Amino acid sequence: MPISRRLACRFLLGLCVAGLIVPPASAEEKGGMPDLNQEEQTCLPTSTANLIIWFGTHGYPKLIVSGDGKDDGYIHTVHAIMTDTDARYDLGTRTDAITYGIEKYVRDAGYSCDVEYRGLDWNQAKFPQIVKDEEGEKYKKDTKTPSPFTQDWLQENDDPSKGFILLLAYIKFDRGSNTFSDAIHAGHAVTLVNAEPNLLLVHDPAHYNDSPGRKILTPELLTGGTFQLPGYNAPVSGLLLLSGRFLDTPPRAGVMLTGAVCITMHPDKD
C-alpha cells in the first residue's frame, strides 16, 4: 500500500481477517453483545459499535442511531462512529483519533463518559511523514503518554458501566534478540465480551453474516522483550500474545495485544 509508515501506524487498525464460530465461554459475560461484521477496513468502528449498542440496550438508548429497523439502526451507528473517529473504508482508523472520536460520539448522544487507552505509545515512533497529514493537528492537544497495559485491567469488564475494545498487531518474533516487529503494517480491533485469566472471549468483526465472529482466545503474558519501531524500541512486558484455533493471521505471523481502549459510561442524569 503506497502510504508512509507513519500513516500506516496511524491507520494501524486497517487490515482484518475472517473468523469462524467457536463455543461460548462458560464464565459470566456481557450477554447479548452484538456481533456485527465490518465493511472493508472498518474493524475499529465496528468493534466500537458492538459495545456502544450494548450500552444502548443497557440504559443508554440514545447511543443507538435510529433507523427503519434494528439492523438499519445498527449500521447507521457504525457509520456515525466512523465519522467521529475519522475512519476510512480504504485505510482504516488512525490510532490518535480513537479515544477522541469515541468520547465525542458519546457526548453528542447526550451522555458523559471516560475513554482511556493503555498500551504501546505509538506517538514515540519516528515515522517519516511523506504525505501531508491534514488532520494531525486536531489531535495533538489531546495527546498524552498512555499508561502501561496490564492484563488485570480487563477484569473491570465485569462492571456493566465499562467495556473494552482490544487492539491487536500482527507480529514477527526474533528469538535471538528477543524482539518483535510488524509482520504487516496494519492491525485489527475486536470487542471484549468476557475476560478470564486464561481466556478472552471476543467478538471479531472480520466475519461474514453467516459465520459469527465469536472467538475464544488464549492469552500468554509477556515478561520481557521489545517491539521494534522506527527510532523507538517499546518494552512489551505486560502485553499479551494471543492464540486460538479460529484466530486467523497472515502467514508466519503471530498476534499481540498491544493495548486496549476502555469506555466507562457515567450515570444518565436524565
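Anything mentioned here points back to the structure above.
As the structure is a computational prediction, the values presented were derived from the model and not from experiment. (Residues numbered from 1 in each chain as written. Predicted model: local features only at pLDDT ≥ 70, side-chain atom pairs only at ≥ 80, totals over all residues. Heavy atoms only, no water.)

A. Spotlight on the environment of Lys-172. Residue placement: Lys-172 occurs in strand 2 (residues 162-174). Owing to a relative accessible area of 43%, Lys-172 belongs among the partly exposed residues under this scheme. Placed 80 residues apart in sequence, Lys-172 and Arg-252 show a C-alpha to C-alpha distance of 7.6 Å. Discounting chain neighbours no more than four positions away, the residues touching Lys-172 are Thr-179, Phe-180, Ser-181, Asp-182, Ala-183 and Arg-252. (Helix = DSSP H or I, 4+ residues; strand = E, 2+ residues; numbered from the N terminus. Buried < 20%, exposed > 50% of the residue type's maximum accessible area, 1.4 Å probe, protein only. Contact = heavy atoms within 4.5 Å.)

B. Spotlight on the state of the cysteines. Under the defined criterion, the tally for this structure stands at 0 disulfides. Cys-262 carries a free sulfur, and the closest cysteine sulfur to it, the one in Cys-113, is 9.9 Å from it. (Disulfide = S-S within 2.5 Å.)

C. Representation of the side chain of Thr-48 within the structure. Tracing the sequence through the fold places Thr-48 in helix 2 (residues 43-56). On the accessibility criterion, Thr-48 (1% relative accessible area) is buried. Apart from residues lying up to four places away in sequence, Thr-48 is in contact with Ile-81, Ile-102, Ile-165 and Ile-263.

D. Highlighting the packing of aromatic side chains. All chains considered together, the criterion is met by 6 aromatic pairs. For the ring pair Trp-54 and Phe-55, a centre distance of 5.9 Å and an interplane angle of 70 degrees mean the geometry is edge-to-face. For Phe-55, a relative accessible area of 1% puts it in the buried group. Relative to Tyr-111, the ring of Tyr-60 has its centre 5.2 Å away and its plane inclined at 85 degrees; by these criteria the two rings are edge-to-face. Taken together, the residues Tyr-60 in the loop between helix 2 and helix 3 (70-84) and Tyr-111 in the loop between helix 4 (98-108) and strand 1 (113-119) connect sequence positions 51 residues apart. For the pair Tyr-60 and Tyr-111, a shared accessibility class is recorded, and that class is buried. An aromatic cluster is defined as three or more aromatic residues linked by ring pairs; in this entry it consists of Trp-54, Phe-55, Tyr-60 and Tyr-111. Stacked on the ring of Trp-54, the Lys or Arg Lys-30 has its end atom at 5.1 Å from the ring centre. Over the aromatic face of Tyr-111 sits the side chain of Lys-62, whose NZ or CZ is 5.0 Å from the ring centroid. (Phe/Tyr/Trp six-rings, centres within 6.5 Å; stacked < 30°, edge-to-face > 60°. Lys NZ or Arg CZ within 6 Å of the ring centre and 35° of its normal.)

E. Highlighting helix 2. The first and last C-alpha atoms of helix 2 sit 20 Å apart over 14 residues, in line with the 20 Å expected at 1.5 Å per residue. Of all 14 residues that make up helix 2, 14 are buried, and the element is covered over most of its length. (Expected span 1.5 Å × (residues − 1).)

Honestly, that's just the spatial picture; any functional story needs more than this.
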